[in-house]
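Here is what each chain is made of, one letter per residue.
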Amino acid sequence: MKLREMQIACSAMHCPSLQITATALKIPEALKSPVRANKREASECGSHSGSHSGEMLDLATIVQVSEAISREINLERLIEVLLTLSLEQTGAERASLFLNGDKGLQLVASAELSAKRAILSRAERTCLDAALPAPVIELLERSQHAELAAEGTEGRTGSTLCVPLIRQARLAGIIYLETESIAGVFTGQSAAVLKFIASQASIALENSRLYLDLVREKNERKTAEETIQCTAQTLAESEERFRAMANSTSDVIWISEANPERLLYVNPSFEKVWGISVAALHENVHLRIEGIHPEDRQRVLQAFIKWTSSDESDAWEMEFRVLQPSGAVRWMHERGVFLSGKNENPRRIGGIATDITEQREAIWALRQSEQRYTLAMEAARDGHWDWIAATDTFYASPRLLEIYGFPPETRFKGRQDFLDRFPFHPDDKAHWLSEIKRFFDSQETRIEIGLRLIRQGEVRSIHTNGLLSRDSQGRPIRYTGSVSDITERRAAEDALRESEQRFSLATEGSSDGIYDWDLISNAMFISHRCQELFGLTPCGEIRQRQDWISEVSLHPDDVAPQRKMFRDLLDGKIPTYDKEWRVLHPDGTYRWVRVRGVCKRDLTNRAIRFAGSVTDVDARRRTEAAMQQMQRLEAVGTLAGGVAHDFNNILAVILGFGEASMRHTRRGSRMRRDLERILSAGERGRALVERILAFSRSSVGARVVVDVQGVVAESLAMVEATCPPYVRLVAKLNSCGTTIVGDPTQIHQLVMNLATNGVQAMTSAGTLKTELHDVSISKNQMTTTGPLPEGEYVVLSVRDSGSGIDPAIREKIFDPFFTTKDVGTGTGLGLSLVHGIVADLGGAIELTTEVGAGSCFSVYLPQGGSAAREREEEAQPPIARGREERILLVDDEEALVRLASDMLTELGYQAAGFTSSARALEAFDRDPGAFAAVITDSRMPHMSGVRLIRALRERRSDTPIVLASGFLSTAGLAEARAAGANVILNKPVSRRALAQALSEALKSSAQLRASAD
């Protein structure tokens, strides 16, 4: 019977033409009288509940009922569907629906089968007390989750069945079914179907009410807008009713504006379902979409956007998953409607989201159960029996007869006849009969028991699974079950149990490779992955333990500790085995692995099995070592930077006064020669400071686009000029046009140090080969100095044919001041400087070396900047001179103040020098307009140069300021510029550099004043 075949007698909910009374429903006398119904009610309820407790609904019925109910949101249509489904699925002749309202339970509609068609009639809200007797109501309210069934009494042959509608643990309504002429219509299957319909109906009716309230809300808002004078009061009442209704439901109700989306309202249930506070959602409306499971999010978002842009012809309906912050997943069924016209702007939309997780899980579990049951039945070929106690009818399936060894045509007069002819094994009969008697005498409903039988002289093992239905007094009504022949399976289980134990032990500590050693037989299982981690070529997985040990080589330093730890585990001194060791691989390298395991012992505490896992931790170990190296370099670099700052101040005095003295000496005089030697030594000191600052990554070198190949070629020309005659240089530069963003001086230092290191490694005839090429790395990889991310790189390789590097010192070669050269030959800063420069540029170093065959340093530098670069040589411009401007000069070194004052005087400026920041600031406060510019040191006691700059800017914002420093980190440089420094100079400062810096600062200040005017 299809829904479209229904004939609706009256479509109005309050149709006055229909009257449904208790007489029309024909309530059986067994249900009308509490005194007469008690015993029969208990008996029949128990009979029905017992008869269907084992019934299972097939998936098709569940899907049909769920789809039919869930697709209806209109209350009128939903009531039609509920009553029609109840008649179709149970075989009843008449169905009535009672709903709980303001005046209690009321009859709202009935449906009857007439000529195999369902005819629906609407009723006036008849009070339930007038239609159903009070005992029925009390019984349903008391046993909410159990159906109530009654058979005909006093000559009547009909049947009745009542099922409550439960919502939030309260009675929401009743579905009442009856037949007039047929008894025993309502089976356990019928009751199960009706209970499922009732469970779905409770949710659907609640959602339908919510939907009607939403539609009613929309109509009320239209009326309120048309009636301007009543708008405020009507809207307030409507919102109050809506909020009261919305706050009481477990469903999520939301109202928002579309295009752009703005949340207007969401009820508190949102926090429980989404796991996100309502306040947070109001701040960010996109949290609702972001809370949807990533696998469903894009599908829901696209459909939602399409719907909000539609012409309102279709309603919004979607099922999706919500991923809560805790990781829990909830299934939601959401429906939505437009609350404003398509020409209104902005358009308002609203919706209801119902949590259907339990329904989804039930369907999924049922599907899985049915699939497992189908597969099991196909594979096991079980037999089954069915015994009806009232008639002593005993049914045995053909497979059961085959398992028990009976001929196919065998029939039994009753259960006792079957037991008398059953081929029990003599040793099992007494035990089986005792267990069955205990089971029947108890109140249990299920029993599983195994036994042996003799079939045609062969002993077979069987397993039975029985289900006993009882009446309200515990007496048997029906006994059904299945039987399996497990003879072959039991033999296979014994063999499988041993395999499962090995697997269970291995998986307890397994993450990668798995091993299992049987100490009794000395056989050892090692998985293919485990063999790879041990540096072996995968082969057979089970061998004698001594065969495995002979092929695995640990690092010499790890052999003794490993053996001791293993002995302690076998002796019971430690509970588990968990340690990291180095394993030798075929390529000659040692790789770190983590070995974990557990030991199984017998009753005497003797170890009988050892199993666990092996994990590759080599990358983590190398990363940790690289991080420790970088931390050591950073610590030494910070110290070196501080030393360089103080040394710069000394060099500034030596070079500054030396240059000044040179201008007052005669060319060729002894004084001039002495001064030239002093200046030469000072320049060497300046170069050393630059190397220290480069090592500490604290120099203020300008970042520009660098043509790597050009700088490398120039550097190699210098190397060739100083290279010993027994060393042959080979250059292969194939990176024309590739650039990086960095300091050309750093690239020059990098090439010179690597080349010098390679030349010094060759004490006899050899070759130094330098290569430059581009490479693209598609995935992250590990290098000697740390991880290297994917990207485009230019690779500089310097390979020598020297003695190579001993593995014992490879981890120390980048340490500051570490050297293997003779005293006076090396400083130990070369490779440390290279490492610092490469790290500063965002690159990495890969070292490959072999003792006696040489070494190769491959430097990876990230590409950057434009490939087009023009080289222009410009003549040095003349030194800019001042016009008697007064300059405020501040430095805590008195000698530097005197030197800079003399330079400024020679350059045409008037210098006002101070060795105290506080005194300089007082002079500036007395007459801020008297100073054309300020030159200050960065590191000074009491008040640093940056603090002084901030104070000066507060007093006069357009003052040109030059900051000079012998040590300034990248962070310090940014802080100085943020404070207001126009120009930053590196100490020692030359006369030309000082003139140029003052000129730039004055011009910059003048331009700012001009733009302000």
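What counts and how
Residues numbered from 1 in each chain as written. Predicted model: local features only at pLDDT ≥ 70, side-chain atom pairs only at ≥ 80, totals over all residues. Heavy atoms only, no water. Salt bridge = Lys/Arg side-chain N within 4 Å of Asp/Glu carboxyl O. Helix = DSSP H or I, 4+ residues; strand = E, 2+ residues; numbered from the N terminus. Buried < 20%, exposed > 50% of the residue type's maximum accessible area, 1.4 Å probe, protein only. Core = buried A, V, L, I, M, F, W, Y, C linked by side-chain atoms within 4.5 Å. Contact = heavy atoms within 4.5 Å. Polar contact = N/O pair within 3.5 Å; in protein donor to acceptor, adjacent residues only side chain to side chain. Phe/Tyr/Trp six-rings, centres within 6.5 Å; stacked < 30°, edge-to-face > 60°. Lys NZ or Arg CZ within 6 Å of the ring centre and 35° of its normal. Patch = residues over 30% accessible without salt bridge, like charges linked within 9 Å, V, L, I, M, F, W, Y side chains within 5 Å. Areas by Shrake-Rupley, 256 points an atom, 1.4 Å probe, with all protein chains shown as cover.

Enquirer: Can you help me understand the pattern of salt bridges in this one?
Expert: Between side chains of opposite charge, a pair can form as their charged atoms come close. As enumerated under the stated definition, the model contains 39 salt bridges in all. Arg-348 serves as the salt-bridge partner of Glu-257, at 4.0 Å between the closest nitrogen and oxygen. A residue pair is termed long-range when its members are at least 10 positions apart, and Glu-257 in strand S8 (residues 252-258) and Arg-348 in strand S12 (residues 347-355) qualify at 91 residues. Of the residues examined, Arg-348 reaches a relative accessible area of 30% and is grouped as partly exposed. Glu-551 is the partner of Arg-543 in a salt bridge, and the nearest nitrogen-oxygen pair spans 2.9 Å. Given a relative accessible area of 23%, Arg-543 falls into the partly exposed group. Taken together, the shared-partner salt bridges in this structure form one network comprising Arg-455, Glu-458, Arg-460, Asp-485 and Glu-488.

Enquirer: How do you make sense of the nonpolar core when you look at a structure like this?
Expert: When a protein is soluble and globular, its nonpolar side chains tend to lie buried together. Among the nonpolar cores identified, the biggest contains 40 residues, and Ile-69, Leu-83, Leu-97, Leu-165, Leu-177 and Ile-197 are the most heavily contacted of them. Contributions of two or more residues to this core are made by helix H4 (59-70), helix H5 (75-90), strand S2 (94-101), strand S3 (104-114), strand S6 (159-167), strand S7 (170-179), helix H8 (188-226) and helix H14 (357-380). Looking at this core element by element, the count peaks at nine residues for H8. In this structure, Ile-69 is in contact with Leu-78, Val-81, Leu-82, Leu-85, Ile-197, Gln-200, Ala-201 and Ala-204, ignoring residues within four places of it in sequence. With 36 residues, the next largest nonpolar core counts Val-711, Ile-805, Phe-814 and Leu-861 among its residues.

Enquirer: Can you help me understand the side chain of Ser-901 in this one?
Expert: With respect to the secondary-structure elements, Ser-901 resides in helix H27 (residues 894-906). Under the relative-accessibility criterion, Ser-901 is labelled buried at 15%. Looking at Ser-901, its side chain comes within polar contact range of the main-chain oxygen of Val-897, at 2.7 Å. Excluding residues that lie within four positions of it along the chain, Ser-901 makes contacts with Leu-889 and Ala-911.

Enquirer: In this structure, what is going on with the packing of aromatic side chains? I would like to understand it.
Expert: Centre-to-centre distance and the angle between the planes together describe a pair of aromatic rings. Counted according to the given criterion, the structure contains 28 aromatic pairs. Summarising the aromatic geometry, the rings of Trp-387 and Phe-440 are spaced 6.3 Å apart at their centres and angled 50° between planes, so their arrangement reads as tilted. With Trp-387 in strand S13 (residues 383-388) and Phe-440 in helix H17 (residues 429-441), the pair connects residues that are 53 residues apart, well separated along the chain. Accessibility classification places Trp-387 together with Phe-440 in one group, the buried group. Each ring, one from Phe-394 and one from Phe-412, has its centre 6.0 Å from the other, and the planes form 90°; the classification is edge-to-face. Here Phe-394 is found in strand S14 (residues 393-396), whereas its partner Phe-412 is found in the loop between helix H15 (398-404) and helix H16 (415-421), with 18 residues between them in sequence. Connected via pairs of aromatic rings, a cluster forms that spans Phe-394, Tyr-404, Phe-406, Phe-412, Phe-418, Phe-422, Phe-424 and Trp-432. Over the face of the ring belonging to Trp-548 we find Arg-543, whose NZ or CZ atom lies 4.7 Å from the ring centre.

Enquirer: What is the right way to look at a nonpolar patch on the surface in this model?
Expert: A contiguous nonpolar surface patch, about 240 Å² in accessible area, is contributed by Ile-650, Ile-654 and Ile-678. The residue Ile-654 is located in helix H22 (residues 618-662) in this model. Ile-654 sits in the partly exposed class, given a relative accessible area of 34%.

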